[in-house]
Amino acid sequence: MECKKQLSEFSKQLRGRMEGLQLQIIMREAGDKTKTAEEALAKTAEAEAPFVKGMDFLPQEEASEAVAASKKAGEAAEAIVAEAKAFLKAKIVVVKCYPESVHGSSIEDISLLMARVE
């Protein structure tokens, strides 16, 4: 009987550690997705810089290149941001399945990352 009790306790501890490690992986991936989205948005801002300076002073060829670069960066950022949002929303659902003792403030942390992406 004592062996079963010890085995049950060990199994419980192992499950808790496994969930903790899974949560660490989720949080790292969430941070990476957020960083990638922020970088894509920064590239869009860079591509739009000529518009901020004023298109009136750009030659036609440079203006056309600037428009194309801006459009390309914007489309790429839109896809990356959408992917990050979908990932973060899905991971909030997953994290909610973990016991409170395991997930702690992770739901709030992912929500903060979501706010940064939006």
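In the block above lies the structure referred to throughout.
All figures in this text were calculated on a predicted structure; none of them were measured in a lab. (Residues numbered from 1 in each chain as written. Predicted model: local features only at pLDDT ≥ 70, side-chain atom pairs only at ≥ 80, totals over all residues. Heavy atoms only, no water.)

K.L.:
What is the right way to read the overall build of the chain from this model?
P.N.:
Scanning the chain for helices and strands turns up 5 helices and 0 strands. When the helices and strands of the chain are listed from N to C terminus, the series reads α-α-α-α-α. Rg of the C-alpha trace for the chain: 23 Å, well past the compact-globule value of 13 Å for 118 residues, more than 25% over. Principal-axis analysis of the C-alpha atoms gives the chain an extent of 85 × 20 × 15 Å. Considering the chain as a whole, with its 118 residues, one finds that 25% of them fall into the buried category. When contacts within the chain are restricted to residue pairs at least 6 apart in sequence, long-range pairs at least 24 apart make up 73% of them. Counting 17 positive and 20 negative side-chain charges, the chain places the centres of these two groups 11 Å from one another. (Helix = DSSP H or I, 4+ residues; strand = E, 2+ residues; numbered from the N terminus. Rg over C-alpha atoms; globule rule 2.2 N^0.38 Å. Buried < 20%, exposed > 50% of the residue type's maximum accessible area, 1.4 Å probe, protein only. Contact = heavy atoms within 4.5 Å. Lys, Arg positive; Asp, Glu negative; His and termini not counted. Charge placed at Lys NZ, Arg CZ, Asp CG, Glu CD.)

K.L.:
I would appreciate a short explanation of the packing of aromatic side chains in the present structure.
P.N.:
Geometrically, a pair of aromatic rings is defined through the distance of the ring centres and the angle of the planes. The final tally for this structure, using the stated rule, is 0 aromatic pairs. Here Lys33 stacks its cationic end above the ring of Phe87, 5.4 Å away from the centre of that ring. (Phe/Tyr/Trp six-rings, centres within 6.5 Å; stacked < 30°, edge-to-face > 60°. Lys NZ or Arg CZ within 6 Å of the ring centre and 35° of its normal.)

K.L.:
Can you help me understand helix α3 (residues 60–96) in this one?
P.N.:
Side chains three or four residues apart in an α-helix point the same way, a direct result of the helix having 3.6 residues per turn. With 37 residues, α3 should reach 54 Å at 1.5 Å per residue; the first-to-last C-alpha distance of 54 Å fits that figure. All buried positions along α3 are accounted for by Ala63, Ala66, Ser70, Ala73, Ala77, Val81, Ala84, Phe87, Leu88, Ile92 and Val95. (Expected span 1.5 Å × (residues − 1).)

K.L.:
I'm lost on the nonpolar core in this one. Help?
P.N.:
Within the largest apolar cluster, 17 residues are counted, with the highest numbers of intra-cluster contacts made by Leu88, Val95, Ile110 and Val117. At the level of elements, α1 (2–47), α3 and α5 (106–117) are the ones that each hand at least two residues to this core. Looking at this core, the element that brings in the most residues is α3, giving 6 residues. Residue contacts for Val117: discarding those within four places in its chain leaves Thr34, Ala37, Leu41, Val81, Ala84, Lys85 and Leu88. (Core = buried A, V, L, I, M, F, W, Y, C linked by side-chain atoms within 4.5 Å.)

K.L.:
Can you help me understand the pattern of salt bridges in this one?
P.N.:
Two side chains carrying opposite charge are able to pair once their charged atoms lie near each other. For the coordinates displayed, the defined rule picks out 2 salt bridges. With a closest N to O distance of 2.7 Å, Glu83 and Lys33 form a salt bridge. Taken together, the positions of Glu83 in helix α3 and Lys33 in helix α1 put the pair 50 residues apart, joining distant regions of the chain. On the basis of relative accessible area, Glu83 is assigned to the partly exposed category, the value being 44%. Using a relative accessible area of 26% as the deciding quantity, one classes Lys33 as partly exposed. In this structure, the salt-bridge partner of Arg116 is Glu38, at a minimum N-O distance of 2.8 Å. Remark: Glu38 occurs in helix α1 and Arg116 occurs in helix α5; sequence separation between them is 78 residues. (Salt bridge = Lys/Arg side-chain N within 4 Å of Asp/Glu carboxyl O.)

K.L.:
Would you take a moment to explain the environment of Ala37 for this structure?
P.N.:
Summarising the element assignment, Ala37 is placed in helix α1. Given a relative accessible area of 0%, Ala37 falls into the buried group. Each C-alpha atom of the pair Ala37 and Gln13 lies 36 Å from the other, and the pair is 24 residues apart in sequence. When residues no more than four places from it in sequence are discounted, the contact partners of Ala37 are Ile80, Val81, Ala84 and Val117.

K.L.:
I would appreciate a short explanation of the packing of α1 against α5 in the present structure.
P.N.:
Two measures define how a pair of helices packs: the angle their axes make with one another and the distance between the axes. It is the contact of α1 with α5, at a shortest axis distance of 9 Å, that shows an interaxial angle of 10°. Regarding the angle of α1 to α5, the classification is roughly parallel. Here α1 contributes Leu23, Ile26, Met27, Ala30, Gly31, Thr34, Ala37, Glu38 and Leu41 to the contact with α5, which in turn contributes Ser106, Asp109, Ile110, Leu113, Arg116 and Val117. A per-class count over the contact of α1 with α5 returns 9 nonpolar, 3 polar and 3 charged. (Axes fitted to C-alpha atoms, helices over the stretch in contact; angles between N-to-C directions. Parallel < 35°, antiparallel > 145°, perpendicular 65-115°, else oblique. Nonpolar A, V, L, I, M, F, W, Y, C, P; charged D, E, K, R; others polar.)

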